[in-house]
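Observations on the three-dimensional arrangement
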Amino acid sequence: MNKEIAARIEQIAIELTKELSVVETLGELDSVQKIYNIFLEMDYYKENPNHIKFVDIVKDKLGRKSVLSILKGKKGNSKKTVLMIGHTDTVGISDYGSLKEYANRPYELTEKFKEIAPTLPEEVRKDLESGDYLFGRGIFDMKTGDAIIIALMEHISKNIEDFEGNLIYAAVCDEEGNSGGMLSVIPELVKIQEKEGFEYLALLDTDYMTSEFEGDENKYVYIGTVGKLMPSFYVVGKETHVGESFKGIDPNQIASSITNRINLNADFCDVAEGEVSLPPITLKQRDLKPEYSVQIAKTSTLFFNYATHCSTPDEVLVKMKDAATEAFQSTIDNLNIQYERFCKLSGREYKKLPWKARVLTYEELYTKVKSEMGNELNKRIEKVTEEMLKDESIDQRDFSLKLVEEVHSLWSDREPVVIVYYTPPYYPHIYIEGNVPKEKALLNAVADAVSTTKSDYKLVYKKFFPYISDLSYGAAPKDPKIIAALKNNMPGFGTKYDLPLEDMQKLDLPVLDIGPFGKDAHKFTERIEKKYSFEVAPQLVYKTIMNLLKNN
């Protein structure tokens, strides 16, 4: 990439970083407006102002929005189109402490870091002293990525008469939160496709890329993306007075056994073409007892972050149900061992405890309660849903949990049980196997871009962008069984939480990420390496785009 374009990318990256756009703050609006204004300065958009617009997040209390821009080549009448995305929000800046006022001013922050260099970790200090890095909140995650797309579109627009094909770029808000920006943009992309007759080829993100392990010198291009599910467990024990401990069963102990069985267990890693997803890890575990008393808790809850490369919601549900059953049984077995020991120590007669390991999916629980209540159950769920929707303090995760609690409370069976369900959000994985023409074309386009880009870096392309991102919404499973397993076991789906699944299925795009290189995303030492980010990554993006448009 020539020095002029590299300098322009750096300029735009700095401008965007200066717009403090912490997720779920009004700063997000300023960042989006800045991008909109940069586009309007281009001659192409002065002549075609209808090719750029805002897309509102529906019912957003802050009125946040994304920017959607279209660039139509004038050579020929090609309908071939590459979609591109980048998010405009960042995480917060409280971790910068006394340097908070410089957090979004990269040049000044980098100089300030030099003043405190002795206090910085060794790797950070070396990067700082090298002069190869720029520091700042969002410059790495991911405003340099946005700058790459904007600068390349600006460059292409200057010679639009010789450009064949089309580009669409969505600068989306709320990626660091609930992906409200991307979820609002997806239906718009479908509408544009239907209106213009565009042939969408791929969805390209320029989110950040970093080392995958200590000493890793590779620079990666990712084809496909990891997915995310949140398998959750509502654990019902049997309450008892602490003075009669063995007459009850503690839901916290069952929950802990579930954690012990699943947490960071490589049994639950997905392996595809030698690439391995991270094992599940707990995001929350707590009992649901509202007050202090000497009665043990009756219920508890926990949920996991579960990464996927190829496992689908129906498959993960079965795995989690089996794991919970094993964990529940191990709790009962351990209780019997301890109770027998206690009885021997106390000189009492030992009788096996009465507990049975029972695990149901939410769909199974719903079916059992529906058989007892009929349509009255649906009326109760609708009423509770309506009441909770009025309370903005109830987030998507608690919303699902409260619906599980409500349905269980209506069941005549009061014995211990574990209910397995899904908590929002859901990010589908997208696995690019090369079995269909669009996937083959993308694999070829990237392979050529990587092989023809000369640099001092070792360029490698891999399957699965390893971080949860908006790329997941470029497609969705089409098997009705998979979708049913998700919807029927995610309480609140379609009310508090929703996905444009049909539009995602219509897009059905292969996806990839080619991003700037840096380190320490979401840390106060967040930084980009300038040469790769401003010169090499843009070449890879440009070549991939051009390869896609000419080879399809």
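Only a predicted model underlies this, so the values are computations on that prediction, with no experimental measurement involved.

Cut-offs used in this document
Residues numbered from 1 in each chain as written. Predicted model: local features only at pLDDT ≥ 70, side-chain atom pairs only at ≥ 80, totals over all residues. Heavy atoms only, no water. Pairing = 2+ DSSP bridges. Helix = DSSP H or I, 4+ residues; strand = E, 2+ residues; numbered from the N terminus. Axes fitted to C-alpha atoms, helices over the stretch in contact; angles between N-to-C directions. Contact = heavy atoms within 4.5 Å. 1 Å grid on protein atoms, 1.4 Å probe; cavity = no way out; pocket = protein on both sides within 12 Å on 5 of 7 lines; lining within 4 Å. Points joined across faces, edges and corners; volume = space filled by probe spheres on them. Nonpolar A, V, L, I, M, F, W, Y, C, P; charged D, E, K, R; others polar. Buried < 20%, exposed > 50% of the residue type's maximum accessible area, 1.4 Å probe, protein only. Domains from an automatic or database assignment. Buried area = accessible area lost by both parts, 1.4 Å probe. Salt bridge = Lys/Arg side-chain N within 4 Å of Asp/Glu carboxyl O. Parallel < 35°, antiparallel > 145°, perpendicular 65-115°, else oblique.

1. Here we look at the sheet that holds strand S16 (residues 458–465)
Within the open sheet, the 8 strands sit side by side as S1-S2-S5-S3-S6-S17-S7-S16. Their pairing is mixed. In this open sheet, the two edge strands, each paired with only one partner strand, are strand S1 (52–56) and S16. Between one strand and the next, the sheet's axes are offset by a mean angle of 25°, whatever the strand orientation. In this structure, strand S6 (residues 199–205) lies alongside strand S17 (residues 511–513), joined through 3 bridges in parallel fashion. From the neighbouring strand, Leu203 faces S17, where its bridge partner is Val511. Lying on the sheet, helix H2 (residues 27–40) is in contact with S1, strand S2 (65–72) and strand S5 (166–172); it crosses S1 at an angle near 165°.

2. Things to note about the layout of surface pockets
Leftover empty space is mapped by rolling, across the atoms, a probe with the size of a water molecule. In this model, the largest pocket occupies a volume close to 1,200 Å³. Together, 28 residues line the largest pocket, and Ile57, Val58, Lys59, Gln396 and Lys496 are the ones closest to its centre. Contributions of two or more residues to the lining of the largest pocket are made by helix H7 (180–196) and helix H12 (396–409). The leading source of residues in the lining of the largest pocket is H7, at 4 residues. Here the lining of the largest pocket is composed, by residue class, of 10 nonpolar, 6 polar and 12 charged.

3. Brief notes about the environment of Asp174
Its location among the elements puts Asp174 in the loop between S5 and H7. In this structure Asp174 comes out as buried when scored by relative accessible area, which is 2%. Distance from Asp174 to Thr90, taken between C-alpha atoms, is 8.5 Å for residues 84 residues apart in sequence. Aside from chain neighbours lying at most four places away, what touches Asp174 is Val23, Glu28, Ile57, Arg64, Asp89, Ser179, Gly180 and Gly181.

4. Section: the domain arrangement of the chain
Often, the extent of an interface is quoted as the loss of accessible area upon association of its parts. On domain assignment, one finds that the chain holds domain 1 (3–226 + 427–474 + 509–549) and domain 2 (228–422). Spacing between the C-alpha centres of domain 1 and domain 2 amounts to 40 Å. With 12 residues of domain 1 at the interface, the matching set in domain 2 holds 12 residues. Between domain 1 and domain 2 lies a buried interface of about 1,100 Å² when both sides are counted; carbon and sulfur atoms form 49% of it. Linking domain 1 with domain 2 are 1 salt bridge. Residue composition of the side of domain 1 that touches domain 2, by class: 6 nonpolar, 2 polar and 4 charged.

5. A look at empty space enclosed by the protein
This model, assessed by the stated rule, comprises 2 cavities of 30 Å³ or more. In this structure, the largest cavity spans a volume of roughly 60 Å³. Lining the largest cavity are Lys284, Arg286, Thr301, Phe303, Arg397, Asp398, Leu401, Tyr421 and Thr423. Where the lining of the largest cavity is concerned, the elements lending two or more residues are strand S12 (281–287), strand S13 (299–308) and H12. Among the elements that line the lining of the largest cavity, the one with the most residues is H12, at 3 residues. Here the residues of the lining of the largest cavity sort into 3 nonpolar, 2 polar and 4 charged. One number sums up the size of the second largest cavity: a volume of about 40 Å³. Lining the second largest cavity are Ile85, Gly86, His87, Met142, Val172, Glu175, Asp205, Asp207, Ser469 and Asp470. Here the element with the most residues in the lining of the second largest cavity is strand S3 (residues 80–87); it accounts for 3 residues.

6. Digging into the packing of helix H10 (residues 362–373) against helix H11 (residues 376–389)
The N-to-C vectors of H10 and H11 enclose an angle of 120°; their axes lie 8 Å apart at closest approach. The pairing of H10 with H11 is recorded here as oblique in orientation. Along the contact surface, H10 presents Tyr362, Tyr366, Val369, Lys370 and Met373, while H11 presents Glu376, Leu377, Asn378, Arg380 and Ile381. Here the contact of H10 with H11 is composed, by residue class, of 6 nonpolar, 1 polar and 3 charged.

7. Describing the pairing of S6
Across the 7 residues of S6, 6 count as buried, placing the element largely inside the fold. Sheet topology note: the S3/S6 ladder contains 6 bridges and is parallel. From the neighbouring strand, Leu83 faces S6, where its bridge partner is Leu203.

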